[in-house]
Amino acid sequence: YDGKYREALVLPCRFPNLLVNGSDGIAVGMATEIPPHNLREVCDALIKLIETPDATVEELMEILPGPDFPTGGIICGRQGLLEGYRTGRGRIILRARADIREEGNRTQIVISEVPYQVTRNALHEKIGELVKEERIKGVSDVKDESSARSGEPVRLVLYLKRDADPQLVLNQLYQFSSLQKTVSIILLALVDGRPRILTLKQMLEEFLRHRVQVIRRRTEFQLREAKRRTHILEG
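These figures come from a predicted structure and were not determined experimentally.

### Structural notes on the overall build of the protein
Step number 1: The number of helices and strands found in the protein is seven helices and 11 strands.
Step number 2: Its C-alpha atoms give the protein a radius of gyration of 24 Å, more than 25% over the compact-globule value 18 Å for 235 residues.
Step number 3: The dimensions of the protein, computed from C-alpha atoms along their principal axes, are 90 × 40 × 35 Å.
Step number 4: Out of the 235 residues in the protein, the part that is buried amounts to 37%.
Step number 5: Considering only residue pairs separated by 6 or more positions, the protein has 56% of its internal contacts joining residues 24 or more positions apart.

### Concerning the packing of aromatic side chains
For any pair of aromatic rings, the description consists of the separation of the ring centres together with the inter-plane angle of the planes.
Step number 1: One pass over the full model with this rule turns up one aromatic pair.
Step number 2: A ring pair is formed by Phe 69 and Tyr 116, whose centres lie 5.2 Å apart and whose planes are at 35°; its orientation type is tilted. Pair noted here: Phe 69 is in the loop between α3 (57-61) and β3 (74-76) and Tyr 116 is in the loop between β6 (106-113) and α5 (120-132), with a separation of 47 residues, a long-range link. With respect to burial, Phe 69 and Tyr 116 carry one shared label: buried.
Step number 3: Sitting over the face of the ring of Tyr 174, Arg 95 holds its NZ or CZ atom 4.0 Å from the ring centroid.

### Remarks on helix α2 (residues 39-51)
Step number 1: Between its terminal C-alpha atoms α2 stretches 19 Å, which fits the 18 Å expected from 13 residues at 1.5 Å a residue.
Step number 2: Summarising the contacts, the buried residues of α2 are in contact with α1 (17-20), α3 and α7 (200-234).
Step number 3: A distance of 3.0 Å separates the backbone nitrogen of Arg 40 from a side-chain oxygen at the start of α2, and that oxygen is part of Asn 38.

### Some points on the confidence of the model for the protein
Low pLDDT means the predicted coordinates in that region are not meant to be read closely.
Step number 1: Looking at the protein, the pLDDT average stands at 87 and 94% of residues meet or exceed 70.
Step number 2: When mean pLDDT is taken per element in the protein, α2 scores highest with 94 and strand β1 (residues 23-27) scores lowest with 83.
Step number 3: Considering only residues more than four positions removed or in separate chains, one finds that residues 1-9, a stretch of pLDDT under 50, has 15 contacts.

### Examining the pattern of salt bridges
Step number 1: Evaluation of the coordinates by the stated rule reveals nine salt bridges.
Step number 2: In this structure, Glu 113 and Arg 97 form a salt bridge, with 3.3 Å as the shortest nitrogen-oxygen distance. You can see Glu 113 sitting in strand β6 and its partner Arg 97 sitting in strand β5 (residues 97-103), a full 16 residues away along the chain.
Step number 3: Of the residues examined, Glu 113 reaches a relative accessible area of 23% and is grouped as partly exposed.
Step number 4: Ionic contacts of the salt-bridge type, sharing partners, join the residues Asp 192, Glu 206 and Arg 209 into one network.

### Description of the pairing of strand β8 (residues 156-160)
Remark: a regular strand shows side chains that alternate across the two faces of the sheet.
Step number 1: β8 sits mainly inside the fold: five of its five residues count as buried.
Step number 2: Burial along β8 is two-sided: Leu 156, Leu 158 and Leu 160 facing one way and Val 157 and Tyr 159 facing the other are all buried.

### So, the nonpolar core
Step number 1: The biggest cluster of nonpolar side chains holds 30 residues, and the ones touching the most others in it are Met 61, Tyr 85, Leu 200 and Leu 204.
Step number 2: When contributions to this core are tallied by element, the ones reaching two or more residues are α1, α2, α3, α4 (79-87), β4 (89-95), β9 (180-186), β10 (188-191) and α7.
Step number 3: Residues contacting Leu 204, with those up to four places away along its chain left out, are Leu 19, Val 42, Ala 45, Leu 46, Leu 49 and Leu 60.
Step number 4: In this structure, Val 169, Leu 170, Tyr 174 and Leu 179 belong to the second largest nonpolar core, which totals 23 residues.

### Describing unusual backbone geometry
Step number 1: Residues other than glycine seldom take positive phi values, yet Glu 134 does so here, at roughly 65°.
Step number 2: As for its position among the elements, Glu 134 is in the loop between α5 and β7 (139-144).
Step number 3: Within the chain, Asp 192 stands out as a residue other than glycine whose phi angle is a positive 55°.
Step number 4: Looking at where Asp 192 falls in the secondary structure, it is placed in the loop between β10 and β11 (194-197).

Definitions and limits used
- Residues numbered from 1 in each chain as written.
- Predicted model: local features only at pLDDT ≥ 70, side-chain atom pairs only at ≥ 80, totals over all residues.
- Heavy atoms only, no water.
- Helix = DSSP H or I, 4+ residues; strand = E, 2+ residues; numbered from the N terminus.
- Rg over C-alpha atoms; globule rule 2.2 N^0.38 Å.
- Buried < 20%, exposed > 50% of the residue type's maximum accessible area, 1.4 Å probe, protein only.
- Contact = heavy atoms within 4.5 Å.
- Phe/Tyr/Trp six-rings, centres within 6.5 Å; stacked < 30°, edge-to-face > 60°.
- Lys NZ or Arg CZ within 6 Å of the ring centre and 35° of its normal.
- Expected span 1.5 Å × (residues − 1).
- Polar contact = N/O pair within 3.5 Å; in protein donor to acceptor, adjacent residues only side chain to side chain.
- pLDDT = per-residue confidence, 0-100.
- Salt bridge = Lys/Arg side-chain N within 4 Å of Asp/Glu carboxyl O.
- Core = buried A, V, L, I, M, F, W, Y, C linked by side-chain atoms within 4.5 Å.

Structure (structure tokens):
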């Protein structure tokens, strides 16, 4: 592992880091795009596969329904996710979590979660530019009211004009800003030293096979050490 081959990372870990932490990168013309997943859900899916080796991808997705992005967001539709987990390649549309609220006699759009790898500051700046250039009309002001102390690390508030259609403004934001983005899924990993595109089930199976090898080697090492110690004690 030299920093270039992220998909080549193999350690005797107790949970599949490749799925939980995710990975993205490109090397020798091959790209890896593995989104992060919830640790508890991944472990439950592994237990399911141990108990039911014939489980299908759809059955595993009942336990592991999709990625768990640290910045939140909403995955639109399920087809891209199903395709990605079934074939190892797919695309999903990820949207920010935005709510239309009425505050007194004014309408607001409050953004509380942003898409994966989109920073709050960059999004705030981009929306401000779109409003200034009048590509998005109907917004009177954009404020960053985020505060970790109040439990709202992300809170971008768009104050709308009285005659503005909030749903139209929101659709324009999805179209022109990074409030909506496409996330690729490419489950590429090295298996026995060779790059392979894996399904979700195959990734879990390879991790289980890896764990069996680790436990077997550990046990053989402990046995050798115990026999050597026994030989010394008997002598």
